[in-house]
Structure formats: C-alpha cells, structure tokens
Amino acid sequence: MPVQAAQWTEFLSCPICYNEFDSSGHQPISLGCSHTVCKTCLHKLHRKACPFDQTPISTDIDLLPVNCALLQLVGAQVPDVQQVSLSSAAEVENYEVCKVCLEELALYLKPISGAKGVATLSPSVLSRPMQRKLVTLVNCQLVEEEGRVRAVRAGRSLGERTVTELILQHQNPQQLSANLWAAVRARGCQFLGPAMQEDALKLVLLALEDGSALSRKVLVLFVVQKLEARFPQASKTSIGHVVQLLYRASCFKVTKRDEDSSLMQLKEEFRTYEALRREHDAQIVHIAMEAGLRISPEQWSSLLYGDLVHKSHMQSIIDKLQSPESFAKSVQELTIVLQRTGDPANLTSLRPHLELLANIDHNPDAPAPSWEELESVMLAVKLVVHGLVEFIQNFSKKSHDAPQPQANSKYKTSMCRDLRQQGGCPRGTNCTFAHTQDELENSCCVHHILLRRQSCTIRSPTLHMTRPIINQPVSQSLNESFYLKNGRLYCFLGKVQISPSSFPLLSSRFVLPIYSSSSSQALHGSLPSILQRPRILSAALHWPSTVFLP
C-alpha cells in the first residue's frame, strides 16, 4: 500500500523512518521518481518499487549512488568517490559534471536548517517557490532514465521561475498595484477591495446558486440592495463591473431573448463559493498577464484577500495559467526590462542559458535527454540561479531594505474572524480586519467625504448659498465639522460634539451610518434625526463616499 509522501520541507530526513540522513546507516538514496529514502528502509521494502508512488526501481539498490548534495546539507561526511554503473567513460564524465552542479545548487538551500531533518525556513536569498523547485531538482536520481527526464523538467521549471523573480526584482510594487487595477478597469471590470468583493461574490452566488436565471439589471440591483447596509458606497455601476468580471471568466450561461434583456444563469460547476472565487481570481491573474504584469503569489494574496494566507491558492492559479510559450515570452520581457534599466548586473549574459532552458520539450512523452543535453541543462541552471543570487545580493534594493512591519492603512470595516473564532490571528499587524473595538472605530472615522458636484445649494435659517464653491468655510456655526474647498464637501465627525442647532435644515437624503461611542452599534437614519441625540458621535463610512446635497 502506498505511503503518504512527506512535506517538501522535510527533505533532510527519511520519510519512512523519520531519521535524519547521515553517512552511515541512513544514507540518502534518490529514486527515479525523485523520492529520497534512506538505504536501510530501501532494503526493507517487500517490492522493488517506490513506497510512495509504486514506480519500479530498475537499478539495483546497492548500485544507486548516495545523494551527496543532501549529505553536505546535514553536515555529514561526503564520500570522495562513488562507483556508478554507466555504459561508457564519457557518460561517467557527464554524470560527474551534473553531480557537481547539483551539489553547488544545493548550497543555496543551506540557510534552510532545522532539527530532526525538518527544514525551518530561516531568512534565505531565494524565495520559497525557488527553494521548492530547487529541492525537487536536488532529489533527482541521474543514474536512472526517468530521473534524468525529471531533472531536465525541474531545470526548465527552475529557469522559468528565475526569470519571473528577476522581473519582479525590477518592478515597483506601488506602481504595480496601480497598473493592475488600471488594466482591470480598462476591460470594464472592477475590484472593490477584499471585504466588499467577497460579499458581492457571495450575494451573486446567493441569487443564482439554485439555478435561477436573472437579467443583469435585476442581479445588480439585488446585490446593491443587500450590500448598501454595510457598504454605502456600493453602486449599480461598481457591482455591474464585478458581474462583468465573472462574465469574462465564462461563469454564466447566457440566454438571449428577443426585444428583452438576456438572462444569466450560473453554470453548475461554479455554484459553490470556492469554485466561483477561484475562477474570479484566475480571470484577474489572466488580465494581469495580458497586460504584461508579473506579480508574486504573496502580492496576489495581499491584493485580493488582504492577507498572506492565500499564497498557495494564488500560486496554483498562476501555474495553471502558464503555457509552454510563457517561458519564452518572459525571457523577452526580461530583455526589455534590462534595456530600460541599463542592466548594471550584466544579466543579459544569462539570455542564451535561459533560451536553452525555454526550448526544452515539456511534453511528458518527450524522449529522454542524452547525457550531453543533461550536462548542458545542469550547467545552464547553475549559471542562471547563480546570476539571480548575485543580483539579489549586490544590486537589488529589496534585499537591502529591512522588512519593517507597517500599520495597515486600509479601512477596517469589521472584526477579524480568526481572532474571534480561534483567539489569535496569523496575519498580525498585516491583517486588514480590526483586532480591537478601538481599532475598528479609529479606522472607520471619516476623514473626508467627496462631493462630485462643483456647485451645491445649502439652505438653513442663517445661510442660503447657491453658487460654485470657492475656498471658504460654509459657516462658523458649524464648529468646523463641515467646510467646503475646491468644490468638495469635507466632513470631520470623529469624536466631535455635534449640537442639533449646527445643522437645522440639512436634507433628509443625507444619510450616514453612525457609530455611537457608548453603544458601538450602527445607527442608520437621516442626519437631522440622528443629530437630535446629543452625544459624541463618530462616522463609520467604510470608504470615502460620494454624498450629494440637493
């Protein structure tokens, strides 16, 4: 019966007996399927096959060479000479060159160290995806044909990831975010923020999960009505753009009607939130790729979810959207980036090696590589990874910037679910949800309310003005809670004592969700009715909202 494979970070110990690899009784032996088991456990197998995926072992176990790359990582003594059973001296020479390349590449995993063979991810030059792909390559058995095929594929994958890392190193994260949302808006779509987008998608699912067919207008109105209690800024236009994003992702089955609006029905495979959200995220990633943007899984998780918990989810989407031509296109993009920046690290010299890796046939039915091809691939991978490490250490600004925990500047509209249910939050200060009631109230205080109209009419017993607004206060009697500037109405209600006489006849259409500092409960109603209650109030708008006065 197959055994469950160990986690990739546990590559320094035997996944069967859990003993750390050493140079005596627990020597690491890599198999053609890229699983590594200690020699003692291999001799105890009832069948000559991998205990994890049942891949047959074609070479005698005693003739399989020890994985010296792993031995050097655990600090064990590495044998000087190992006998390998190959058909010619030329093949032995090719094997030795490839073996040395793997041992040198494994040294980049040296910062990953831990007890009992479990690697703990301490600070490393290489990113986690690079480390994972490097572990896969180091565990390849080059003596067996299947191992050589896997080594070539792992080398290609490592080279492709290296190109992505180099492009990411040359990008400005702040500009990247702006470019992404500009590309999304250019396609008639919109992302409303992690919390609001999640609620909008769940409401779309609520309306259509039973197979109902609705027109776009009816669907948008339903979502807006349900959202406006929590998100006053929700509009038919913004929700329509979210529906358009799902439409681009082919989540709907559309039925056209003569002289009437088309009906949209959610496809069966998308009638769960997980499936719908995955297709939604994949569409945004696809738009970013069309726009030539390269975004790391960590950045994607932060942008779409407001945390770093969904890195693996985003990485799986990125991998699925990768095409065989993506590698070659990435090399061209990197060349353009280097021409724009002047290439101080001389990364252009890596292009021939990257093109060699990009030309590797990724087809599973591709013939096994020759020893000469394998040697050229291993040398190319070594040079490419070395070039990335050199650039990060010597030229990357990101490597010199110590990561400082920054307070999240986003509006926090609700309490953290993890903190409430589990008593702790893994995201800490990076969480986009509030951890205390004070944090919630402070984040929700209104700093400004934008007024789109360049002129407005405000009537009261002491003030009557109908003209374009110039830089001037509306009235001194307003206690500076409201003032007009450059055609915008600014409102400061955070913990300000407001008396009813300050706003005698403001329009009843001016509606704000208000938090009472005493009860911490939301009160909804017209401003005049709320102001009749003499207490300290603080406004709780989730985002800068547009408010119209008649």
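You'll find the structure just up there.
So, how was this worked out
Residues numbered from 1 in each chain as written. Predicted model: local features only at pLDDT ≥ 70, side-chain atom pairs only at ≥ 80, totals over all residues. Heavy atoms only, no water. Helix = DSSP H or I, 4+ residues; strand = E, 2+ residues; numbered from the N terminus. Buried < 20%, exposed > 50% of the residue type's maximum accessible area, 1.4 Å probe, protein only. Contact = heavy atoms within 4.5 Å. Areas by Shrake-Rupley, 256 points an atom, 1.4 Å probe, with all protein chains shown as cover. Pairing = 2+ DSSP bridges. Axes fitted to C-alpha atoms, helices over the stretch in contact; angles between N-to-C directions. Parallel < 35°, antiparallel > 145°, perpendicular 65-115°, else oblique. Left-handed = near helix turned anticlockwise from the far one by under 90°. Nonpolar A, V, L, I, M, F, W, Y, C, P; charged D, E, K, R; others polar. Core = buried A, V, L, I, M, F, W, Y, C linked by side-chain atoms within 4.5 Å. Polar contact = N/O pair within 3.5 Å; in protein donor to acceptor, adjacent residues only side chain to side chain. Phe/Tyr/Trp six-rings, centres within 6.5 Å; stacked < 30°, edge-to-face > 60°. Salt bridge = Lys/Arg side-chain N within 4 Å of Asp/Glu carboxyl O.

A. View of the overall build of the chain. Counting its regular elements, the chain contains 19 helices and 13 strands. Across the 550 residues that make up the chain, the buried fraction comes to 46%. Residue pairs in contact within the chain that sit at least 24 positions apart in sequence constitute 62% of those at least 6 positions apart. For the chain, the computed accessible surface area is about 27,800 Å², with 51% contributed by carbon and sulfur atoms.

B. Here's a closer look at the sheet that holds strand E3 (residues 213-215). Ordered in space as E3-E5-E4, the 3 strands form an open sheet in which the pairing is antiparallel. The sheet is open, and its two borders are formed by E3 and strand E4 (252-257), each paired with just one other strand. Pairwise comparison of adjacent strand axes, ignoring direction, gives a mean angle of 30° for this sheet. In this structure, E3 lies alongside strand E5 (residues 260-266), joined through 3 bridges in antiparallel fashion. Looking across to E5, one finds that Ser215 is bridged to Leu263. Together, E3, E4 and E5 form the strand contacts of helix H8 (residues 216-227), whose direction differs from that of E3 by roughly 90°.

C. Region of the structure containing the packing of helix H14 (residues 351-358) against helix H15 (residues 371-394). Here H14 crosses H15 at 130°, and the two axes come no closer than 9 Å. When the axes of H14 and H15 are compared, the pair comes out oblique. As H14 packs across H15, the resulting crossing turns out to be left-handed. On the side of H14, the interface is formed by His353, Leu354, Leu356 and Leu357, while H15 contributes Ser376, Val377, Ala380, Val381, Leu383 and Val384. Here the residues of the contact of H14 with H15 sort into 8 nonpolar, 2 polar and no charged.

D. Quick peek at the nonpolar core. Residues Leu137, Leu142, Leu357, Leu374, Met378 and Val381 are the most contacted members of the largest nonpolar core, which totals 68 residues. Residue contributions to this core peak at 12 residues, all from H15. Apart from the residues within four sequence positions on either side, Val381 is in contact with Leu105, Leu137, Gly155, Leu158 and Leu357. With 29 residues, the next largest nonpolar core counts Ala195, Met196, Leu203 and Met264 among its residues.

E. Fine view of unusual backbone geometry. Look at Gln54: it is not a glycine, yet its phi comes out positive at around 65°. Position of Gln54 among the secondary structure elements: in the loop between helix H1 (39-43) and helix H2 (68-73). According to the relative accessible area criterion, Gln54 is partly exposed, its value standing at 27%. Its identity as a non-glycine residue notwithstanding, Glu259 has a phi of 55°, on the positive side. Looking at the element boundaries, Glu259 is found in the loop between E4 and E5.

F. Representation of the packing of helix H11 (residues 297-305) against helix H12 (residues 311-321) in the model. One can describe the packing of H11 onto H12 by two numbers: an axis separation of 8 Å at closest approach and a directional angle of 110°. The pairing of H11 with H12 is recorded here as roughly perpendicular in orientation. Between H11 and H12 the crossing geometry is right-handed. Taken together, the residues of H12 that come into contact with H11 (itself represented by Pro297, Glu298, Trp300, Ser301, Leu304 and Tyr305) are Lys311, His313, Met314, Gln315 and Ile318. In the contact of H11 with H12, the residues fall into 6 nonpolar, 3 polar and 2 charged.

G. Main features of the side chain of Asp281. Here Asp281 is to be found in helix H10 (residues 273-290). A distance of 2.5 Å separates a polar atom in the side chain of Asp281 from a polar atom in the side chain of Tyr305. Setting aside residues up to four positions removed in sequence, Asp281 forms contacts with Leu304, Tyr305, His313, Met314 and Ile317.

H. Geometry of the pairing of E5. Pairing between E4 and E5: 5 bridges, direction antiparallel. Among the inter-strand pairings, Val254 is bridged to a residue of E5, identified as Met264. A loop of 2 residues connects E4 with E5, the two strands running antiparallel in sequence, and Glu259 in this loop sits at a positive phi of about 55°.

I. A look at the packing of aromatic side chains. Per the stated rule, a full pass over the model turns up 3 aromatic pairs. Centroid distance Tyr95 to Trp371: 6.3 Å. Interplanar angle 80°. Geometry classified as edge-to-face. On the criterion of sequence distance, the pair formed by Tyr95 in helix H3 (residues 89-106) and Trp371 in helix H15 is long-range, its members being 276 residues apart. An identical accessibility class is assigned to Tyr95 and Trp371; each is buried. Geometrically, the ring pair formed by Trp181 and Phe191 is stacked, given 5.0 Å between the ring centres and 5° between the ring planes. Taken together, the residues Trp181 in helix H6 (residues 173-186) and Phe191 in the loop between H6 and helix H7 (194-208) connect sequence positions 10 residues apart.

J. Looking closely at the pattern of salt bridges. Within the structure shown, the criterion is met by 13 salt bridges. Across the pair Asp199 and Arg230 runs a salt bridge whose closest N-O atoms are separated by 2.6 Å. Pair noted here: Asp199 is in helix H7 and Arg230 is in the loop between H8 and helix H9 (236-248), with a separation of 31 residues, a long-range link. Judged by relative accessible area, Arg230 falls into the partly exposed class, the value being 27%. Glu290 is the salt-bridge partner of Arg248, the closest N and O atoms lying 3.9 Å from each other. Pair noted here: Arg248 is in helix H9 and Glu290 is in helix H10, with a separation of 42 residues, a long-range link. By relative accessible area, Glu290 is classed as partly exposed at 44%. Through salt bridges with shared partners, one network takes in Arg187, Arg248 and Glu290.

That is the geometry; function is a separate question.
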